[in-house]
Amino acid sequence: MIDAGELVGGLVSRGVVDVVGVPCSYLTPLINRVASGSAAGYLPVTQEGEAVAIAAGCWLAGATAGVIAQNSGLGNMVNPLTSLTYPSRIPVPLIVSWRGEPGRPDEPQHELMGAITPGLLDLMRVGHAVVPADTAGLDACLDAGWAEMHREQQPFAFVLRDGVLSSEQLAEPPLAGPVIPAVTRSHKARDAPARMAALECLIGSLDDSAAVLSTTGKTSRELYVLADRPQHFYLVGAMGSASAVGLGVARHTPRPVVVIDGDGAALMRLGTLATVGAHGAANLVHVLLDNRVHDSTGGQQSLAGQVDFPAVARACGYARVYDCADLAEFADAVKAAQVERGPTFIYLMIRPGSIAGLGRPTVGPSEVARRFRDFVSTKVEDVNHVS
């Protein structure tokens, strides 16, 4: 057996500053170690795919985050692993338990995933290795995994069997209590603009130091048409993950970090709002443009018509919430959010539809990721946000 502190120390010595994930009984000693205080911060999140997206955001800001998950959570991780980290070539270390390993008795719900875990990782082109139960073997395993991540620029999974880690007591400090948000709701009649007009207003209201991440679909396509800049990161896949990626970025930069989300995308991973509320950095601005349809697939209705997004953000612990009726209020909210302490949620209803002949980004996801990372890592002399 190995001590959980040895594993944490091995991760930290290789640059891991955050450990993000969802508990698993096989991983209890590791979770207890990082949750009780270690050189790496611990971020409990709502689900495993969200953890991958946060870790990807950390990488975009020049930091390394490790993801911890039960192998059953690979199902939640498939989308960000195949449509975010793979096309953008973002290396993320994964520590994955092996429930249901063939030949080892386990609960029936783990039987199939246990049998297919190595093959599923292979299918997603995620390199992997079983963590050995001795210190010398652990160090060699971590070295080999990090070398492959560096070579392939892709995630690597360290697979942990039951009983490899010795027990560890939990001394986890409580999360901070929920904040009492400052909510600004408009009393004017709504004047929903086109998305292109909202994006143009947003860009015009941002400081030049701001990093901007946009959700998949027509939001990213329109932003690209309006202004293709190094500080823009377009999520071409991983629908619903924009706010999680933005949270990862915001944790490791003093810049304002602005996420442009859509109603369908936000609903797909609504739990991330709770994660942002719990862990969100003061410089995170989460903009939601709500047209109540899935524009990129033909305009089918989303479920947004029955959701009060500003109320959800308030309930999830965002420090500031703005419900804007028109572009003038929207511009004021965006400007205020860059100098106030967040995380901040800004809501604007927009009209369905897009411009005719809308193009797609011609710069590849990997290039977008690297120029964005270069931009974020550049020193900022004067950043307009409260730290």
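Heads up: the structure comes first, above all this text.
Residues numbered from 1 in each chain as written. Predicted model: local features only at pLDDT ≥ 70, side-chain atom pairs only at ≥ 80, totals over all residues. Heavy atoms only, no water.

1. Here's the deal with the overall build of the protein
And step 1. For the protein, the helix and strand inventory stands at 14 helices and 15 strands.
And step 2. Scaling as 2.2 N^0.38, a compact globule of 387 residues should have a C-alpha radius of gyration of about 21 Å, and the protein matches this with 21 Å.
And step 3. In terms of overall dimensions, the protein has a C-alpha envelope of 65 × 45 × 40 Å along the principal axes.
And step 4. A sequence separation of at least 24 residues applies to 79% of the contacts in the protein between residues at least 6 apart. (Helix = DSSP H or I, 4+ residues; strand = E, 2+ residues; numbered from the N terminus. Rg over C-alpha atoms; globule rule 2.2 N^0.38 Å. Contact = heavy atoms within 4.5 Å.)

2. Comments concerning the pairing of strand β6 (residues 156-160)
And step 1. Here β6 lies mainly inside the structure; 5 of its 5 residues are buried.
And step 2. Burial along β6 is two-sided: F156, F158 and L160 facing one way and A157 and V159 facing the other are all buried.
And step 3. When strand β5 (residues 127-130) meets β6, the two strands line up parallel, connected through 4 bridges. The residue of β6 that forms the bridge with H128 is A157.
And step 4. With respect to chirality, the unit in which β5 leads through helix α6 (residues 135-152) into the neighbouring parallel β6 is right-handed. (Buried < 20%, exposed > 50% of the residue type's maximum accessible area, 1.4 Å probe, protein only. Pairing = 2+ DSSP bridges. Right-handed = clockwise from strand over helix to strand, strands pointing away.)

3. With respect to the side chain of N291
And step 1. Within the secondary structure layout, N291 lies in the loop between β11 (284-290) and β12 (293-294).
And step 2. Residue classification places N291 among the buried positions, given a relative accessible area of 7%.

4. Side note on the pairing of strand β15 (residues 344-349)
For a regular strand, side-chain orientation follows a simple rule: the groups alternate between the two sheet faces.
And step 1. For β15, a buried count of 6 out of 6 residues is recorded, marking the element as mostly surrounded by other parts of the structure.
And step 2. A two-sided burial pattern is seen for β15, the buried positions comprising T344, I346 and L348 on one face and F345, Y347 and M349 on the other.
And step 3. Bridging between β11 and β15 involves 6 bridges; their strand directions are parallel. Following the sheet pairing, D290 is matched in β15 by M349.
And step 4. With 5 bridges joining them, strand β14 (residues 320-324) and β15 adopt parallel strand pairing. Paired with R320 across the two strands is T344, which belongs to β15.

5. A short note on the packing of helix α9 (residues 242-250) against helix α11 (residues 272-279)
And step 1. Where α9 contacts α11, the axes come no closer than 9 Å and their chain directions differ by 20 degrees. With respect to their mutual orientation, α9 and α11 come out roughly parallel. As α9 packs across α11, the resulting crossing turns out to be left-handed. Along its contact with α9, which presents S243, A244 and L247, the element α11 presents T272, T275, V276 and H279.
And step 2. In terms of residue class, the contact of α9 with α11 is made up of 3 nonpolar, 4 polar and no charged. (Axes fitted to C-alpha atoms, helices over the stretch in contact; angles between N-to-C directions. Parallel < 35°, antiparallel > 145°, perpendicular 65-115°, else oblique. Left-handed = near helix turned anticlockwise from the far one by under 90°. Nonpolar A, V, L, I, M, F, W, Y, C, P; charged D, E, K, R; others polar.)

6. Regarding the nonpolar core
And step 1. Counting 95 residues, the largest nonpolar core has L60, L94, F233, L289, F330, F345 and I346 as its most contacted members.
And step 2. Broken down by element, the residue count for this core peaks at 9 residues, all from helix α3 (residues 48-60). (Core = buried A, V, L, I, M, F, W, Y, C linked by side-chain atoms within 4.5 Å.)

7. Here we look at the sheet that holds strand β8 (residues 211-214)
And step 1. Here we have 7 strands laid out as an open sheet, ordered β7-β14-β15-β11-β10-β8-β9, and parallel in their pairing. Both edges of this open sheet fall to β7 (182-185) and β9 (232-234), since each of them pairs with a single strand only. Within this sheet the neighbouring strands show an average axis-to-axis angle of 15 degrees, counted without direction.
And step 2. Alignment of β7 against β14, held across 4 bridges, turns out to be parallel. Within β14, the residue paired with A182 across the bridge is R320.
And step 3. The sheet strands contacting helix α12 (residues 309-316) are β7, β11, β14 and β15, and the helix crosses β15 at an angle near 170 degrees.

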